[in-house]
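Architecture and fold: a report
Listed below are the residues making up each chain.
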Amino acid sequence: MNCIFQNIEVRGVAAALPAQVLELSSLSAEYGAVEVQRIIASTGVEAVRVAPSNVTASDLCECAARELLRGMNVSPADVDGIVFVSQTPDYILPATSVTLQHRLGLPTGVPAFDIPYGCSGYIYGLFQAALLIHSGACRQVLVCAGDTILRFINPKDRSVRMVFGDAGSATLVARGTGTAAFTIYSDGSGAEQLIIPAGGCRLPKSSATAKESVAADGNTRSAENIFMNGAEIMNFALREVPKVIDEVLALAGWPKESVGIYGLHQANKFMVDYLAKKARLPKGSAPVGMARTGNAGPASIPQMLTAVRDEFPPERRARAVFCGFGVGLSWGACAVELGSTVILPPVEMNAA
Amino acid sequence: MTKQEFYTNLEDIADAPAGSVQGDELLRDLPGWNSLATVMFLTMADSKFATPVPAAKMAVCKTVADLVALFPGKITE
């Protein structure tokens, strides 16, 4: 799917992080100091943020949204659409976006959508907002993207424990004069490569799904924990990410060198650096901003934007390309203009 | 790429001492052979050989020699 809009503006971005920090070096006793240092050196993740059990992704997104609306002096009454992108909703039902409408004080006239996507989710969220605005249904849409994925990670699964972190974000998308080009793909044949098998209607939770076992990769998990086939995901990213970036650039009509910032999904430093090299992105244009937060799933791109805001001032991010890839499998890229976008510093959220 | 160059690349990826990889080693015995090293190996295959290695093929490799066999005709003596 390729689609370009000429009337979309990203007005502002904010991110909220749980105050609790897990220093990965503290896992040395569990995994061995050498192994931990080796992983930190490759992934670039020194610490991850951990939401306490009483804080959900929507709480983090709410915190980010309040900060954003306050920082931009925008009244909740002037937001007329909300999209919540997360793999960790508050409930099976109702949709978390509806609860956020109420909690944020948005008008009851807003359409509210949940999009249950992960690492590609930010692109989906921006796309949904752009559609709502372009259709004339909305003028200003809040895209809340976040996960508290750590509670689905088995502590004995080092393949994911030392990479993922919890975070929430909020992005205000509005009618304006900017370009927003989107290229989006889905391939459900890879659904099993990144999955939490149990807990939905296909495989409800039971004593059997809670039972842990040692998998072929040597890590311990249950069917209620997240499983990621890192090799398959890497192959998928190598195959698709450079292509989708080139496609969205062609759609926008932007030369590769004219883009100041490429916001790649912050899977880990090794992957971001390698994908940037493979996609032949201009040197230094694909920042990594996850050293102290980890891979925040759907919030990883906006969280990164808040982390590197000082290195990428407005003139350097006048043209931006985002690329998300992961669960589904799903992937996409968007080209947007951020020269007048307000990007706030990340805020910490303390549990009540 | 020569076999020796391949071994040197593998030593870097698996954090093995220089000269320690000779071809017959079990991958599980390499100090840093883990899921992350597997991912790094795939990028090495991509950058040096422009050859995607299916994850299922990687998963059944037990030895360094098995990895070499993933690239027929591309690694010389």
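For the structure, see preceding data.
Described in the following lines is the structure provided in the data block. (Residues numbered from 1 in each chain as written. Chains lettered and ligands numbered in written order. Predicted model: local features only at pLDDT ≥ 70, side-chain atom pairs only at ≥ 80, totals over all residues. Heavy atoms only, no water.)

**Topic: the overall build of chain A**
Looking only at helices and strands, one finds nine helices and 18 strands in chain A. Its C-alpha atoms give chain A a radius of gyration of 19 Å, near enough to 20 Å, the size a compact globule of 352 residues would have. Counting only C-alpha atoms and orienting by the principal axes, one finds that chain A spans roughly 55 × 45 × 35 Å. Residue burial in chain A is summarised as follows: out of 352 residues, 59% are buried. A separation of at least 24 residues holds for 79% of the contacts in chain A among residues at least 6 apart in sequence. Roughly 13,500 Å² of accessible area belongs to chain A as shown, and the carbon and sulfur atoms make up 54% of that amount. On chain A, the mean spot of the 29 positive side-chain charges and the mean spot of the 31 negative ones are 2 Å from each other. (Helix = DSSP H or I, 4+ residues; strand = E, 2+ residues; numbered from the N terminus. Rg over C-alpha atoms; globule rule 2.2 N^0.38 Å. Buried < 20%, exposed > 50% of the residue type's maximum accessible area, 1.4 Å probe, protein only. Contact = heavy atoms within 4.5 Å. Areas by Shrake-Rupley, 256 points an atom, 1.4 Å probe, with all protein chains shown as cover. Lys, Arg positive; Asp, Glu negative; His and termini not counted. Charge placed at Lys NZ, Arg CZ, Asp CG, Glu CD.)

**Things to note about the interface of chain B and chain A**
Taken together, the contact pairs 17 residues of chain B with 16 residues of chain A. Carbon and sulfur atoms make up 63% of the surface buried where chain B meets chain A, a total of about 1,400 Å² over both sides. Of all residues in chain B, B:Leu36, B:Thr43 and B:Asp46 give up the largest surface area on contact with chain A, accounting jointly for 32% of the area buried on that side. The interface formed by chain B and chain A contains two salt bridges. For the salt bridge of B:Asp15 with A:Arg38, the shortest nitrogen-to-oxygen distance reads 2.9 Å. For the interface between chain B and chain A, the tally reads eight residue pairs in polar contact (both at pLDDT 80 or more). Those elements that place two or more of their residues in the side of chain B that touches chain A are helix 2 (35-49) and helix 3 (55-59) of chain B. Here the side of chain B that touches chain A takes nine residues from helix 2 of chain B, the largest share from any one element. Considering only residue class, the side of chain B that touches chain A consists of nine nonpolar, six polar and two charged. (Buried area = accessible area lost by both parts, 1.4 Å probe. Salt bridge = Lys/Arg side-chain N within 4 Å of Asp/Glu carboxyl O. Polar contact = N/O pair within 3.5 Å; in protein donor to acceptor, adjacent residues only side chain to side chain. Nonpolar A, V, L, I, M, F, W, Y, C, P; charged D, E, K, R; others polar.)

**Some thoughts on the nonpolar core**
In terms of nonpolar packing, the biggest core is built from 83 residues, with A:Leu264, B:Phe6, B:Trp33, B:Phe41 and B:Leu67 touching the most fellow members. At 12 residues, the largest contribution of residues to this core is made by helix 7 (residues 230-252) of chain A. Those residues in contact with A:Leu264 that sit more than four places away from it in its chain are A:Ile245, A:Val272, A:Leu275, A:Ala276, A:Leu281, A:Ala286, A:Ile301 and A:Cys323. Counting residues in hydrophobic clusters, the runner-up holds 36 residues, among them A:Val83, A:Val85, A:Ile261 and A:Leu338. (Core = buried A, V, L, I, M, F, W, Y, C linked by side-chain atoms within 4.5 Å.)

**Some words on the environment of A:Ser340**
With respect to the secondary-structure elements, A:Ser340 resides in the loop between strand 16 (330-337) and strand 17 (342-343). The residues touching A:Ser340, leaving out its near neighbours within four places in the chain, are A:Glu9 and A:Arg11.

**Regarding helix 2 (residues 33-43) of chain A**
Where helix 2 of chain A is concerned, the buried positions are A:Glu35, A:Val36, A:Arg38, A:Ile39, A:Ile40, A:Ser42 and A:Thr43. Those residues of helix 2 of chain A hidden inside the fold are in contact with helix 1 (28-31), helix 6 (158-161) and helix 8 (269-278) of chain A together with helix 2 of chain B. Directly beyond the C-terminal end of helix 2 of chain A, a positive phi value near 75° is found at A:Gly44.

**Some remarks on helix 3 (residues 57-71) of chain A**
Residue and element names in this part refer to chain A. Over its 15 residues, helix 3 runs 21 Å from end to end, which matches the ideal 21 Å to within 8%, given 1.5 Å per residue. Along helix 3, the positions that sit buried rather than exposed are Ala57, Ser58, Asp59, Leu60, Cys61, Glu62, Ala64, Ala65, Leu68 and Leu69. Packed against the buried residues of helix 3 are strand 2 (8-18), strand 5 (81-85), helix 4 (96-103), strand 7 (140-147), strand 8 (167-175) and strand 18 (347-349). Positive phi shows up at Asn73, right after helix 3, with a value of about 55°. (Expected span 1.5 Å × (residues − 1).)

**Focus on unusual backbone geometry**
Look at the link from A:Leu93 to A:Pro94: it is a cis peptide, with omega at 5°. Along the polypeptide, A:Pro94 turns up in the loop between strand 5 and helix 4. The linkage connecting A:Gly328 with the following residue, A:Leu329, adopts the cis geometry, with an omega of 0°. Take A:Leu329: it is sitting in the loop between strand 15 (319-326) and strand 16. Positive phi is not limited to glycine here, since B:Asp15 has a value of about 55°. Phi is positive for B:Ala50, which is not a glycine, with a value near 50°. Looking at where B:Ala50 falls in the secondary structure, it is placed in the loop between helix 2 and helix 3.

**Regarding the packing of aromatic side chains**
Taken as a whole and judged by the stated rule, the model has 13 aromatic pairs over all chains. Judged by centre distance (5.2 Å) and plane angle (55°), the ring pair of A:Phe127 and A:Phe182 falls under tilted. With a gap of 55 residues between them, A:Phe127 in helix 5 (residues 121-134) and A:Phe182 in strand 9 (residues 180-186) connect regions that are remote in the sequence. The buried category is assigned to A:Phe182, whose relative accessible area is 1%. Grouping aromatic residues by their ring pairs yields a cluster made of B:Phe6, B:Tyr7, B:Trp33, B:Phe41, B:Phe49 and B:Phe71. (Phe/Tyr/Trp six-rings, centres within 6.5 Å; stacked < 30°, edge-to-face > 60°.)

**Examining the sheet that holds strand 9 of chain A**
All names here are of chain A. Here we have five strands laid out as an open sheet, ordered 1-9-16-15-14, and mixed in their pairing. With one partner strand each, in any of the chains shown, strand 1 (2-5) and strand 14 (261-264) form the two edges of the open sheet. Strand-to-strand twist in this sheet, taken as the mean axis angle between neighbours without regard to direction, amounts to 10°. Relative to strand 16, strand 15 runs antiparallel, the two being bridged by eight bridges. Paired with Phe325 across the bridge in strand 16 is Trp331. Each of strand 1, strand 9, strand 14, strand 15 and strand 16 is contacted by helix 7, which is oriented at about 150° to strand 9, the strand it contacts most. (Pairing = 2+ DSSP bridges. Axes fitted to C-alpha atoms, helices over the stretch in contact; angles between N-to-C directions.)

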